[in-house]
Amino acid sequence: MNEGQIIVSYEKIRIFFNLDEREKQRDLLILQSSQKAIENYLDRKLCLNEYICIQTIKNQKIILEELNPIKIDRMLDLSAREVLVTECSLKGQNVFFSNLHLENHEALIRYNAGFTEENLPADLEECIMNVFMHKSEVLRKRIKGGLEANEYSILNNLKIPEDVKEILEPYRRKLL
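Owing to the predicted nature of the structure, the values given are computational and were not obtained by experimental measurement.

A. Inspection of the overall build of the protein at higher detail. In terms of regular secondary structure, the protein is built from four helices and seven strands. Ordered by position in the sequence, the α and β elements of the protein form the string α-α-β-β-β-β-β-β-β-α-α. Per-residue burial over the protein gives 39% buried out of 176 residues.

B. Representation of the pattern of salt bridges in the model. Applying the stated criterion across every chain yields a total of 10 salt bridges. Ionic pairing is found between Arg22 and Asp20, a salt bridge with its closest N-O pair at 2.7 Å. Classification of Asp20 as partly exposed rests on a relative accessible area of 30%. Among the ionic pairs, Glu50 bridges to Arg110, the shortest N-O distance being 3.6 Å. Highlighted residues: Glu50 in strand S1 (residues 49-56) and Arg110 in strand S7 (residues 106-113), separated in sequence by 60 residues. If you follow the salt bridges from partner to partner, you end up with Glu11, Arg14 and Glu21 in one network.

C. Looking closely at the packing of aromatic side chains. Applying the stated rule across the entire model yields three aromatic pairs. Judged by centre distance (5.4 Å) and plane angle (35°), the ring pair of Phe17 and Phe132 falls under tilted. Taken together, the positions of Phe17 in helix H1 (residues 10-17) and Phe132 in helix H3 (residues 122-142) put the pair 115 residues apart, joining distant regions of the chain. For Phe17, a relative accessible area of 22% gives the class partly exposed. Take Phe132: its relative accessible area is 1%, and that puts it in the buried class.

D. Inspection of the environment of Met75 at higher detail. Among the secondary structure elements, Met75 is positioned in strand S3 (residues 69-77). Since its relative accessible area comes to 8%, Met75 is described here as buried. In sequence terms Met75 and Tyr111 are 36 residues apart; their C-alpha atoms lie 8.8 Å from each other. Filtering out sequence-adjacent residues up to four positions away, Met75 remains in contact with Val83, Leu84, Thr86, Cys88, Phe97, Leu108 and Ile109.

E. A look at the nonpolar core. By size, the foremost hydrophobic cluster in this structure holds 32 residues, and its most contacted members are Ile7, Ile38, Leu42, Leu46, Leu124, Ile128 and Leu168. Going through the elements one at a time, H1, helix H2 (24-42), H3 and helix H4 (162-168) are the ones with two or more residues in this core. In terms of residue count, the dominant contributor to this core is H3 (eight residues). Apart from residues lying up to four places away in sequence, Ile38 is in contact with Leu46, Cys127, Ile128, Val131, Ile160 and Leu168. In this structure, Leu84, Val95, Ile109 and Ala113 belong to the second largest nonpolar core, which totals 14 residues.

F. Representation of a nonpolar patch on the surface. A cluster of nonpolar side chains, contributed by Ile52, Ile54 and Leu78, occupies part of the molecular surface with about 260 Å² of accessible area. By the element assignment, Ile52 lies in strand S1. Given a relative accessible area of 56%, Ile52 falls into the exposed group.

Each value, and the rule that gives it
Here, residues in each chain are numbered from 1, in the same order as that chain's written sequence. Per-residue local features of the predicted model are confined to residues with pLDDT of at least 70, and side-chain atom pairs are confined, for both listing and counting, to 80 or more; whole-chain, interface and lining totals are unaffected and use all residues. The side-chain quantities take in all heavy atoms of the structure and omit both hydrogens and water. Numbering goes from the N terminus for both helices and strands, where a helix is a DSSP run of H or I of at least four residues and a strand is a run of E of at least two. The buried label applies to any residue whose accessible area, calculated with a 1.4 Å probe on protein chains only, is under 20% of its type's maximum; exposed applies above 50%, and partly exposed to all values in between. The rule for a salt bridge is simple: a side-chain nitrogen of Lys or Arg has to be within 4 Å of a carboxyl oxygen of Asp or Glu. When two rings of Phe, Tyr or Trp (its six-membered ring) have centres within 6.5 Å they constitute a pair, described as stacked for plane angles under 30 degrees, edge-to-face for angles over 60, and tilted for the intermediate range. The contact criterion used is simple: two residues touch if any of their non-hydrogen atoms lie within 4.5 Å. Take the buried residues of types Ala, Val, Leu, Ile, Met, Phe, Trp, Tyr and Cys, join any two whose side-chain atoms come within 4.5 Å, and each joined set is a nonpolar core. Think of a patch as exposed residues, more than 30% relative accessible area, with no salt bridge, where like charges cluster within 9 Å and nonpolar side chains (Val, Leu, Ile, Met, Phe, Trp, Tyr) cluster within 5 Å. Note that accessible areas follow from Shrake-Rupley with a 1.4 Å probe, and for residues the cover is restricted to the protein chains shown.

As structure tokens, then:
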């Protein structure tokens, strides 16, 4: 994960926690680890990504799996084996089709979903910042002085606090 894929800016974290700019590399690793821990817990990527879904159109709609879909790039009607050019609307995670003839057709949809720093929900941002704070505190207590690059692996073993998990629960991927 590079700095461009971090959804809460380092600058925001630096100002909020009054961090030392000289420790930027360490704090970026903690921030990356914090976001990754939340993504692993949610079983979802938070940053804007491209996804592909194949589903059967039922009741003139398809429900996309990923959070915050923002744009449909392309649709294929797999049943008719052709590009799907039809009126549809994207509302939340639902894609609604106006063409009744598409009912029970299997469709492939390529779409973009996820968050940017500008549209990240405040509760998700707060969770990332809370996990950052938790990991920073634990790291500072365990290790006095500097860390070698290979020693940052301990960050991955730290658990997400229970109060943060409660906030994240509505965003988790639900398994049936």
